[in-house]
Amino acid sequence: MHPTCKTPAAIRRLRAVVGAVALTLALAACGTAGAGDADRAAAASSTAAESAGGGSETATGAGLFDDGTVHTVAISYDEADYAELVAAYQGSAEKIWIEATVTIDGVTYEQAAIRLKGNSSLFGLRDSGTGTEAQTLPWLVRLDREIEGQSHLGVSAFVVRSNSSETALNEALALELLEAAGLASESSASIRLTMNGSAEELRLVVKHLDEDWEEASFAADGLLYKAESEGDYSYRGDDPAAYEDVFDQETGEEDLTPLIEFLDFVNNSDDATFAAELDRYLDVEAFATYLAFEELIDNFDDIDGPGNNSYLRYDAETGRMTVVAWDHNLAFGVRNVNGGGPGGAGGPGGQRPTGQAPVGQAPVGQAPVGGGFPTGGGPGAMGGPNAKSNPLVERFLADDTFAGLVTRAKADLQAELFDSGLADELLAERAAVLTDEAADLVDAATVAAEVAAITASIAT
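For every chain, the first residue of the written sequence is number 1, and numbering continues from 1 onward in sequence order. Only residues with pLDDT of at least 70 get local features here, since the model is predicted, and only at 80 or more are side-chain atom pairs given and counted; chain-wide, interface and lining totals rely on the full set of residues. The basis for every side-chain value is the complete set of heavy atoms in the structure, and neither hydrogens nor water enter the calculation.

Asks: Go over helix α5 (residues 169–180), please, and point to the residues and values.
Replies: Across its 12 residues, α5 extends 16 Å between first and last C-alpha, which sits within 8% of the 16 Å expected from 1.5 Å per residue. Among the 12 residues of α5, 12 are classified as buried, and the element is accordingly described as predominantly covered. Only protein chains enter the accessibility calculation, which uses a 1.4 Å probe. A residue is then buried if its area is under 20% of the maximum for its type, exposed if over 50%, and partly exposed in between. Where helices and strands are cited, they refer to DSSP runs of H or I of at least four residues and of E of at least two residues respectively, numbered from the N terminus. Taken residue by residue, α5 has L169, N170, E171, A172, L173, A174, L175, E176, L177, L178, E179 and A180 as its buried positions. Count one or two residues on from α5 and you reach G182, which has phi positive near 90°. Under the convention used throughout, the expected extent of a helix is 1.5 Å for every residue step, that is, one less than its residue count.

Structure below.
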C-alpha cells in the first residue's frame, strides 16, 4: 500500500499542506486505496459538478463526504406517496421507492428517489408506524434513479444511517479505522436532515455500495453480492432461484455462479480440502484482518451477527471472494434498544437528559441498556439468541493456521489503530466538528459522554 494511503489522518494533513490537486495525484498512486480516500480525492479534484436535473456547484471541499463539516440535506416528497411506502413495509416488509426532491448543501436535485433501508432499525415502523417520524428513519437516497448521471459532486447514491447513540460517532470512527486497516470501507459525514419541512435531525450518511464505490475500491472487475438479513451462508443447491432472498447481486450482469460455487466449497468441502484450497476461493489474509477488526471494535452485528451484515465481492481476475464489512452502528459497545433507531429507548428522535450515558450503550462489562442485543462481540463469540451460525467463520476459526492469522492480525491492528493514538485522533476530530457546527442538535456534554464511552470500549 502506498504510504500516503495508510491513514485518513495522514491524508487530512497532506490535504492541508499541498491542496486538492496534489492530493489527487498522490492517491492515484495507491491503486486500490480505500473507498473513502478515492471518494474524497475525486471530489477534491473537481472544479464543478454538472447534474441533469439539479444544476451545478463549484467544489469548495470534498462534497457530501467532506467529514470536516456538518452538511445540510433536505428531502421533500408527496405525503400520499410516503403513506403508501409505509403501508407497503408494514404489510409485507417491501421497501418501495418514491419520488423525492433532494437538496444537498443548497443544491437541488429533482426526480430523485428514496426508499427505506435497514432491518432492526425499522422495528418501530413495522410494529406500529405511529410516532415514527421520517427524519428519524434509515433511508437509501438515489439521485440518479430517474435521471441517468445525476449526482452531487460525483455522489449519486447515499445511505442515511440509524444509530442508538445521538452522535453516531461510533460508526464514523469504525469506518475510518476500517479504511486505515487496509480494508474496503465507506466514506461518511454528519448531516442536518429535514424531511418535508421537519425539524432538523443529526444523522450520519455513508456511501452506498454500488458500481461507483466498487470501481473506487477494487482494481479489477468483479461482482458484488449483499447478504440479506433473512438469509445465511448455507449452500442451497445450484439453482440461482434458491438464493433469491439470501443474497442480492448489487453490481454487474446477473450471475450467481461465483457465489454458488463459493458457498458449495465453504459448506461441502472436507476439512483437509478446506484448509488446503480456501485461498483459491477467498482472500484469506483480508478475511483474517476483517475478523480481527470486527472483534477489536466490539461489533457483534457483523458477518455472523443477527443482521448477517456483510457483502461478498468476487474478483474476476483472481476468482476469489473478499468479505466486505457493512453496518457499524453497533461498534464500540453501542447496543440496539427498542429497534435501535435514533434516540433509541427515548423513542424516535428522542433526547435523553444531558450527561446521561448514551442511549443503547451499556457501561463496559455490563448488560445492554434497555434489554438490547447481548453484550460481547468478536468472531466466534457472538452468543445470545440473536446470533447466527456462519459456516465460513466457524470453519475458518476451527483451523489452527487460519485462526493464527486472525490472532496476528488482531495484534497488528491493536498497535496500528489504537496504541498509535490514531483512533483517539480521529475520534477527537469528528467530535470537534459536532461541537463546533451542531451544538443546536446535540449538546457538548452528550458529545463528551459518547466520546468517553467509545474511549472506554477501546481501552478494554
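Asks: Got a sec to walk through the packing of helix α7 (residues 257–268) against helix α8 (residues 271–281)? Specific residues and values, please.
Replies: Angle between the axes and distance between the axes: these two values describe a pair of packed helices. Axis separation between α7 and α8 bottoms out at 10 Å; the angle between their running directions is 160°. The orientation of α7 relative to α8 falls into the category roughly antiparallel. The handedness of the crossing between α7 and α8 is left-handed. Only T273, F274, E277, L278 and Y281 of α8 make contact with α7, whose side of the interface consists of E261, F262, F265 and V266. For helices, the fitted axis covers only the stretch in contact; all axes are lines through C-alpha atoms, and the angles between them, taken along N-to-C directions, range from 0 to 180 degrees. Under this scheme an angle from 65 to 115 degrees is roughly perpendicular, one under 35 degrees roughly parallel, and one over 145 degrees roughly antiparallel; angles in between are oblique. In this scheme, a crossing is called left-handed if the near helix is turned counterclockwise away from the far one by less than a right angle; it is called right-handed if the turn is clockwise. Any pair of residues with heavy atoms lying within 4.5 Å of one another is described as a contacting pair.

Asks: So what about the sheet that holds strand β3 (residues 71–76)? Which residues, and what values?
Replies: Spatial ordering of the closed barrel is given by β3-β4-β5-β6-β7-β9-β8, a layout of seven strands whose pairing is mixed. Adjacent strand axes in the sheet meet at a mean angle of 40°, parallel and antiparallel pairs treated alike. Running over the sheet, helix α3 (residues 79–92) touches β4 (98–104), β5 (107–116) and β6 (139–142) and is turned about 25° from β5. Along the sheet face, α5 touches β7 (157–161), β8 (188–195) and β9 (201–207) and points at about 20° away from the line of β9. Think of it this way: DSSP has to see at least two bridges between two strands before they count as a pair.

Asks: If you had to explain the side chain of N299 to someone new, which residues and values would you point to?
Replies: Topologically, N299 is positioned in the loop between α9 (284–296) and β12 (311–315). Owing to a relative accessible area of 1%, N299 belongs among the buried residues under this scheme.

Asks: How would you summarise the packing of aromatic side chains if you had to cite specific residues and measurements?
Replies: Pairing of aromatic rings covers Phe, Tyr and Trp, the last counted by its six-membered ring, and requires centre-to-centre distances within 6.5 Å; plane angles under 30 degrees mean stacked, over 60 mean edge-to-face, and any other angle means tilted. A full pass over the atoms with the stated rule returns 11 aromatic pairs. Taking 5.9 Å as the distance between ring centres and 75° as the angle between the ring planes, the aromatic pair formed by W213 and F218 counts as edge-to-face. According to the relative accessible area criterion, W213 is buried, its value standing at 0%. Centre to centre, the rings of Y311 and W326 are 6.1 Å apart; their planes meet at 80°, and the pair counts as edge-to-face. Note that Y311 is positioned in strand β12 and W326 in the loop between β13 (321–324) and α10 (391–398), a separation of 15 residues in sequence.

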